[in-house]
Amino acid sequence: MSTLWHGRFGDEPAEELLAYTASVGFDVRLAPDDIAGSRAHVQMLHRVGLLTADEHDAVAAALDRTETELASGEFVFAPTDEDVHTAVERRVTELAGEAGAKLHTGRSRNDQVALDLRLFVKRALTETARDVIGLQRVLLDRAQAAGDAYLPGYTHLQRAQPVLLAHQLLAHGWALARDVDRMADARARADVCPLGAGALAGSSLPLDPDHTAATLGFAARFENSLDAVSDRDFVAEALFALALTAVHLSRLGEEIVFWTSDEVGFATLDDAYATGSSMLPQKKNPDVAELARAKSGRVIGHLTGLLATLKGLPLAYNRDLQEDKEPLFDSVDQVRLGLRAVTGLMATIEFHPEALAAAADAPTMAATDLAEHLVAGGMAFREAHAVVGDLVRRSLAGEAPLAELVQADPRLGEEAAGLLDSGVPVTRRTTPGGAGPAPVAAQIERFGARLGADADRFSHDMVRVA
Ligand code: ARG
């Protein structure tokens, strides 16, 4: 058995050690990034005179072949392939002979794994942001199609004031817009190439880190080799961006559960996005929405887990850092799956405008409009609040319907009673960014423009394959 470090050791590694320390079972997912990084590295080695043209070509051909074998599944892993870097280098050396043994010149797995992970994070954030934008597009479509449908807006889950359905849907859309922003920001900080940092201190060889950084499409190279190999901030930031996206999916999921409950009956799920019960034939369950709610817990756990792993690590590389990958991969997978499922659900859910309106048409939902009517006539708001509050209390106590009390009150009267008519209160919300028809029409425009600009930001892959 031959490990990468066998020269220094007399005995073979214990099986238990290999079983405990190996990461190839999951980091094989970094194979495309590992190969891209190796291509850029050998190009640089050739450029600075550390590899002849023939050696470069032999290693490059071996990398191509290794890539094909890995992609097709014919790659045969050896028991000593503890991680993807070891496996690739071992195979390249088998294929390219002596030239292959030069692949690792001036490089350590410490800078190599940091590079692979940065390439992965840049790609994963790009793809995830595109998925977020896909969900935002559906929310925009549904908002545009919602017309003047309105529902109760809630505080404390108590009916508060009516809002347009479009407004409610776009509230989730704007939260997702901040997620897209965070992904762009996290991606920019991941966009620094660590290759050339070596194990921790750089090298005595004439390496050119700027060259490898440029070849791989990075915006910059590392400034400090110790930082380059020990920094996993970019993973933590990606996990935070993903965790908050998961929280947003969870909050939307909770609304979907509420809207589709028998208690409120605001919406019905499409059959393709609902599940049945194994025992109760009548059931149609919102499992997608519930899992969107639940999986946020798992993704939050990955973020806190990684922060705990990083806390207290001395500079520079420590094997602890190998524990960065599984939380990252799982968070990316779960958030992307969730985004796609919720996108499909939201594209097909059927809202019931009559049920929405019926819930929003209780006369008390116009209480604030009555108070504002008094304010428009010159009364101080605190006084107006008390006047209307008194009418509401008397009405709830059974004295008379609110509309009658309003009409009979000399401070309010006929015109004010008109504010209680169905569908009127929502039209009174005129503040820019507010829940009524005029500001929502403007909001739809602004949201669409923002969406187009965000789609442009993520139209480039930001990863160049050498
Ligand atoms: N599999 C390791 C990781 O994921 C690669 C780096 C190992 N380096 C080392 N010196 N043991 O972090």
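Details of the structure are given in the entry above.
A brief report on the enclosed structure follows. As the structure is a computational prediction, the values presented were derived from the model and not from experiment.

**Quick word on the site of the ligand**
Close contacts around the ligand come from Ser-23, Asp-83, His-85, Arg-109, Asn-110, Val-113, Tyr-317, Arg-319, Gln-322 and Lys-325, and that covers them all. Taking Lys-325, its side chain carries an N or O atom lying 2.6 Å from an oxygen atom of the ligand. About the coverage of the ligand: the protein hides 86% of its 340 Å² of free accessible area. Per element, the largest residue contribution to the shell around the ligand is 3 residues, and it comes from helix 6 (residues 109-145).

**A short note on the side chain of Thr-343**
Within the secondary structure layout, Thr-343 lies in helix 12 (residues 325-348). For Thr-343, a relative accessible area of 15% puts it in the buried group. Sequence-distant contacts of Thr-343, defined by excluding residues within four places in its chain, comprise Asp-131, Gly-134, Leu-135 and Val-138.

**Here's the deal with the pattern of salt bridges**
Counted by the stated rule, this structure contains 37 salt bridges. One salt bridge in this structure joins Arg-298 and Asp-330, with 2.7 Å as the shortest N-O distance. With Arg-298 in helix 11 (residues 287-310) and Asp-330 in helix 12, the pair connects residues that are 32 residues apart, well separated along the chain.

**Quick word on unusual backbone geometry**
In most cases, non-glycine residues show a negative phi, while peptide bonds are predominantly trans. Cis rather than trans, the peptide bond between Leu-315 and Ala-316 has omega equal to 0 degrees. Tracing the chain through its elements places Ala-316 in the loop between helix 11 and helix 12. In this structure, His-156 takes a positive phi of about 55 degrees despite not being glycine. Counting through the fold element by element, His-156 comes out in the loop between strand 1 (150-155) and strand 2 (158-164). Notably, Leu-157 is not glycine yet its phi reads approximately 55 degrees, a positive angle. Within the secondary structure, Leu-157 sits in the loop between strand 1 and strand 2. Judged by relative accessible area, Leu-157 falls into the exposed class, the value being 56%.

**Points about the nonpolar core**
Counting 95 residues, the largest nonpolar core has Ile-256, Trp-259, Leu-328, Met-346, Ile-349 and Phe-351 as its most contacted members. For this core, the element with the highest residue contribution is helix 10 (residues 233-259), accounting for 15 residues. Excluding residues within four positions of it along the chain, Ile-349 makes contact with Arg-142, Ile-256, Trp-259, Thr-260, Ala-267, Thr-268 and Leu-269. Ranked by size, the runner-up nonpolar core spans 20 residues in total, among them Ala-366, Ala-371, Val-387 and Val-388.

Parameters and conventions
- Residues numbered from 1 in each chain as written.
- Predicted model: local features only at pLDDT ≥ 70, side-chain atom pairs only at ≥ 80, totals over all residues.
- Heavy atoms only, no water.
- Near = heavy atom within 4 Å.
- Polar contact = N/O pair within 3.5 Å; in protein donor to acceptor, adjacent residues only side chain to side chain.
- Areas by Shrake-Rupley, 256 points an atom, 1.4 Å probe, with all protein chains shown as cover.
- Helix = DSSP H or I, 4+ residues; strand = E, 2+ residues; numbered from the N terminus.
- Buried < 20%, exposed > 50% of the residue type's maximum accessible area, 1.4 Å probe, protein only.
- Contact = heavy atoms within 4.5 Å.
- Salt bridge = Lys/Arg side-chain N within 4 Å of Asp/Glu carboxyl O.
- Core = buried A, V, L, I, M, F, W, Y, C linked by side-chain atoms within 4.5 Å.

These results come straight from atomic positions and should not be treated as a statement about function.
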